[in-house]
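What follows is each chain in one-letter form.
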Amino acid sequence: LILTVFGHLRDLAARVTGRSRYYKEIIGSVDDPDMAPLIYNKETFYTRRLYDRISDCWNRPISSKPGARIDVIKRTSDDGNKSYKLHLDKTR
């Protein structure tokens, strides 16, 4: 609930100031003004504001057999968790 409220506040601030990495998605602009947008602002809210931020918690690559303890591969992100770079290090 808290993440959803903060996400809506960030969208509001982005509309007012015009500064956000998701600004084009928030205002619904398309490259060709004669075409309708494929996905509307409300449909991408979860992906933009919640999933990208928490995806690192559950979408971890596993490098061992399933069991009570598993090894996961370490990874880093330079673009706000939109993509990841895998490392050779493993964590238990």
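S.K.: Just checking my understanding: could you explain the overall build of the protein for this structure?
M.R.: Along the backbone of the protein there are three helices and two strands. Considering only contacts in the protein between residues 6 or more positions apart, those separated by 24 or more positions represent 34%. Of the roughly 7500 Å² of accessible surface on the protein, 59% is carried by carbon and sulfur atoms.

S.K.: Even after reading the chapter, I still don't get the pattern of salt bridges, so can you show me in this structure?
M.R.: One side chain can pair with another of opposite charge once the charged atoms of both are near each other. Overall, the coordinates contain one salt bridge when judged by the stated rule. Between Lys-85 and Asp-78 there is a salt bridge whose closest N-O contact spans 3.0 Å. The class of Asp-78 is exposed, set by a relative accessible area of 65%.

Criteria and cut-off values
- Residues numbered from 1 in each chain as written.
- Predicted model: local features only at pLDDT ≥ 70, side-chain atom pairs only at ≥ 80, totals over all residues.
- Heavy atoms only, no water.
- Helix = DSSP H or I, 4+ residues; strand = E, 2+ residues; numbered from the N terminus.
- Contact = heavy atoms within 4.5 Å.
- Areas by Shrake-Rupley, 256 points an atom, 1.4 Å probe, with all protein chains shown as cover.
- Salt bridge = Lys/Arg side-chain N within 4 Å of Asp/Glu carboxyl O.
- Buried < 20%, exposed > 50% of the residue type's maximum accessible area, 1.4 Å probe, protein only.

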